[in-house]
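Here is how the chains run, residue by residue.
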Amino acid sequence: MEIRAVAVIGLGTMGAGIAEVFARAGLPVTGIEADPAALAAGLARITASLDKAVARGKLTQAERDAIAGRVTPGSGPADAAGADLVIEVIPEQLGLKRQIIAELDRSGRPDSIIATNTSSLSVTAIAAASAHPGRVVGMHFFNPAPVMRLVEVVTTVGTDPAVAAAVTELARRLGKTPVQVTDRAGFVANALLLPYLNHAARLLETGYATRADIDAAATEGIGLPMGPLALLDLIGLDTSLAVLDVLRHEFGGSRATPAPILRRLTDAGRTGRKGGGGFYDYPERDAPASADSSFSANADRPADPGTVTLIDPVAAAGPGDAARPDHSERAADLASLIAAAGISVTRNPSHPSDLAVVAIGPQGGVLGPATAAGRAADSVGLHLATPALAELVATPLTSPGALAAAQALVARLGLAVVRAPDRPGLLVGALLYPHLRDAITMVADGYASPADVDAAMTLGCGYPRGPMRMLADVGLGQAVDVLAAMHAGYGDPAFAPPPLLVECARAGIGLDGQPT
Ligand code: 3HC
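Residues numbered from 1 in each chain as written. Predicted model: local features only at pLDDT ≥ 70, side-chain atom pairs only at ≥ 80, totals over all residues. Heavy atoms only, no water.

## Quick look at the overall build of the chain
Rules: Put simply, DSSP marks the helices as runs of H or I at least four residues long and the strands as runs of E at least two long, and each gets a number from the N terminus on. We take the radius of gyration over the C-alpha atoms and set the globule estimate at 2.2 Å times the residue count to the 0.38 power. Only protein chains enter the accessibility calculation, which uses a 1.4 Å probe; a residue is then buried when its area is under 20% of its type maximum, exposed when over 50%, and partly exposed in between. A contact between two residues is defined here by any heavy atoms of the two lying within 4.5 Å. The accessible surface values rely on the Shrake-Rupley method and a 1.4 Å probe; as for residues, cover is taken only from the protein chains in view.
Assigned secondary structure in the chain consists of 20 helices and 15 strands. The globule rule puts the C-alpha radius of gyration for 516 residues at 24 Å, and the 26 Å found for the chain is close to it. C-alpha extents for the chain along the principal axes are approximately 85 × 50 × 40 Å. A burial count over the chain gives 52% of its 516 residues as buried. Once local pairs closer than 6 in sequence are excluded, the contacts in the chain between residues at least 24 apart make up 71%. Of the roughly 20,400 Å² of accessible surface on the chain, 55% is carried by carbon and sulfur atoms.

Set out below in structure tokens:
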């Protein structure tokens, strides 16, 4: 099944990007939109993207012209008759998609491949609209399609293996990495990504953290290429909502239950970048305009925070408490860091000082040690999520003066900072650990291998390390501890450490069975 010519039905953000990918790979592409204005806008999207590449020196004018010349406009499925593969990239409505498939059956060649780029609907349900469901396959690209390297090739129980093989081979010709998956809600990448993004939206709407801090926690704290709220805007809040609705229907649970703010923003027309605004505004360029940051990479050398009292949660808690020796190491590390910055630091709680800092871990827990040390009003918690990012925790008893002194301290230490409430997971962990949990659960379900999970998230979502690698790096024991604390704190089964994680942590092996 050689694919020599293709057609793309629907030239929105994804459709135009996919058409560009085909044309760049040398394939003639028919770009189809029924509405003339939508067709013109879709073709303009492609040429604008190519012009940007010329401006950045990535393409010559001649190459740009050749690529643009491979795209021919079309106004309906009948214009796809010459294509060996037709991919539909129309809005996520099953009825509409089934209608297009049925029309392709009537007007196209019976041996052409019909692909769907659906991100949320069942490929099986879409394929059932064809009299030849064996030729229907999912070909799921990621936004921005010209950049992201993953293509999920989704097979149904009826997909002809030769069709799946041809599409897999085509994805390779496009310079992408195909991963074959079966038809399950969200496939691999969306089933992991969307619940994490949804959780971030919920943290924002419940006032857990600010928009800027949530996004900074993901980029600076976890190392992801974009913050979750900026990424929701890129994907589109309506699309995200559609994926979540399907995930909720198939799997249930709080992780997949859309945060109401997603629906509210969508209803208000704030669908993200494509709608001119979502969580952020996009007044002119594609960059989010941000003004609400408590996150900062502190460049200036601000006021002296005075002498700092460092409280070790283990010592403050006394015998019998659950604090572990590595928590003491954390306090020692923080004390050295503060001293190295030339700031006077004491470990004696009764020494007069402006600020007491509890050296917390990702489980949090400021108030207990602060109160035990008799310093509740002038205590904050500090956790180094990375060597460059501090999570700063003020409790309801922390005085404004202590908070200001703590902000001066992190600035003097040259750390970027995000504010987090004193809840298990703080902010970085609250985003990260349930996300890792979802990945572990997917592996435990047998839907994807650890390698597939990491490939999907690195190639499809630009993660520098996949979730399995992140899990190995933080340590399985720490993941169990933080999830257990979140589960105990919220009572939500979506945070309970999964049995596979607990077993592997106890056995000292990774999820792949290798020693850690
Ligand atoms: N079209 C074409 N090229 C683009 C582009 C676009 N829309 N956006 C960025 N690029 C290119 C740039 O030209 C640049 O190319 P170069 O390296 O050859 O010069 C490269 O991508 C990097 O771009 P920038 O330097 O401008 O910006 P960043 O380094 O910040 O990267 C990003 C931008 C690639 C979008 C990066 O932030 C990223 O990987 N984000 C994560 C995106 C993601 O998770 N996507 C998946 C969403 S889920 C999905 O789509 C599935 C659906 O079903 C919901």
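Text resumes after the structure shown.
## Overview of the domain arrangement of the chain
Rule in force here: Note that the domain bounds were set by an automatic or database domain assignment. Salt bridge, as applied in this entry: a Lys or Arg side-chain nitrogen positioned within 4 Å of an Asp or Glu carboxyl oxygen. Each residue is assigned to one of three groups, with Ala, Val, Leu, Ile, Met, Phe, Trp, Tyr, Cys and Pro labelled nonpolar, Asp, Glu, Lys and Arg labelled charged, and all others, Gly among them, labelled polar.
Under the domain assignment used here, the chain contains domain 1 (6-182), domain 2 (189-208 + 232-275), domain 3 (307-421) and domain 4 (428-507). On a C-alpha basis, the centroid separation for the pair domain 1 and domain 2 is 25 Å. Contact with domain 1, which involves 10 residues of that partner, is made by nine residues of domain 2. Taken together, domain 1 and domain 2 are joined by zero salt bridges. In terms of residue class, the side of domain 1 that touches domain 2 is made up of three nonpolar, five polar and two charged.

## As for helix α17 (residues 450-461)
To keep it simple, the criterion reads: For a helix, the expected span equals 1.5 Å multiplied by the number of residues minus one.
Its 12 residues give α17 an end-to-end C-alpha distance of 16 Å, which sits within 8% of 16 Å, the value for a rise of 1.5 Å per residue. Looking only at α17, the buried set comprises V453, D454, A456, M457, L459, G460 and C461. In the core, the buried residues of α17 are packed alongside β7 (150-155), β8 (177-182), α7 (189-205), α16 (428-444) and α18 (467-474). One or two steps after α17, the chain reaches G462, where phi turns positive at roughly 70°.

## Thoughts on the nonpolar core
Applicable threshold: We call a set of buried Ala, Val, Leu, Ile, Met, Phe, Trp, Tyr and Cys residues a nonpolar core when their side-chain atoms join them within 4.5 Å.
If you look at the biggest cluster of nonpolar residues, it comprises 92 residues, and the most contacted ones within it are L193, I214, F279 and L427. A per-element tally of this core places α7 first, with 11 residues. Residues within four places of L427 in sequence aside, it is in contact with L203, Y208, A209, D213, I214, A217, E391, V418, R419 and A420. One finds V8, I46, A53 and V137 within the second-largest nonpolar core, a separate group that totals 37 residues.

## Description of unusual backbone geometry
With omega at 0°, the peptide bond leading from N143 into P144 counts as cis. Structurally, the position occupied by P144 is in the loop between β6 (136-140) and β7. Positioned with a positive phi, F187 is a non-glycine residue whose angle comes to about 50°. Topologically, F187 is positioned in the loop between β8 and α7. Look at F187 and you get buried, because its relative accessible area is 1%. Positive phi, normally seen in glycine, also occurs at L426, with a value near 50°. The residue L426 is located in the loop between β15 (416-419) and α16 in this model. L426 gets classed as buried once you look at its relative accessible area, which sits at 0%.

## A look at the packing of α7 against helix α11 (residues 260-267)
This is how the line gets drawn: Fitted lines through C-alpha atoms give the axes, limited to the stretch in contact for helices. The angle between two N-to-C directions lies from 0 to 180 degrees. For classification purposes, angles smaller than 35 degrees are called roughly parallel, those larger than 145 roughly antiparallel, those between 65 and 115 roughly perpendicular, and all remaining angles oblique.
Closest axis-to-axis distance for the α7/α11 pair is 8 Å, and the angle between their directions is 85°. It follows that α7 is roughly perpendicular to α11 by the angle criterion. Contacts from N198, A201, L204 and E205 in α7 reach P260, I261 and L262 in α11. Among the residues forming the contact of α7 with α11, the class breakdown is five nonpolar, one polar and one charged.

## As for the pairing of strand β4 (residues 85-88)
The line we're drawing: Strands qualify as paired when DSSP identifies two bridges or more between them. Orienting the strands away from the viewer, one traces the path from the first strand over the helix to the second; a clockwise path indicates a right-handed crossover.
Burial along β4 is two-sided: L85 and I87 and V86 and E88, pointing in opposite directions, are all buried. Direction of pairing for strand β1 (residues 6-9) relative to β4: parallel, over a ladder of four bridges. Of the residues in β4, the one forming a bridge with V8 is I87. Handedness of the β4-helix α4 (residues 94-107)-strand β5 (residues 113-116) crossover: right-handed.

## A few points about the sheet that holds strand β2 (residues 29-32)
The eight strands are arranged β3-β2-β1-β4-β5-β6-β7-β8 in an open sheet whose pairing can be described as mixed. Edge positions in the open sheet fall to β3 (71-74) and β8, since each of these has one partner strand only. When strand polarity is set aside, the average angle formed by the axes of neighbouring strands in this sheet is 25°. Across four bridges, β4 lies against β5 in parallel orientation. Looking at the pairing, L85 lines up with I113 of β5. The strands that α4 touches are β1, β4 and β5; relative to β5, the one it contacts most, it runs at about 170°.

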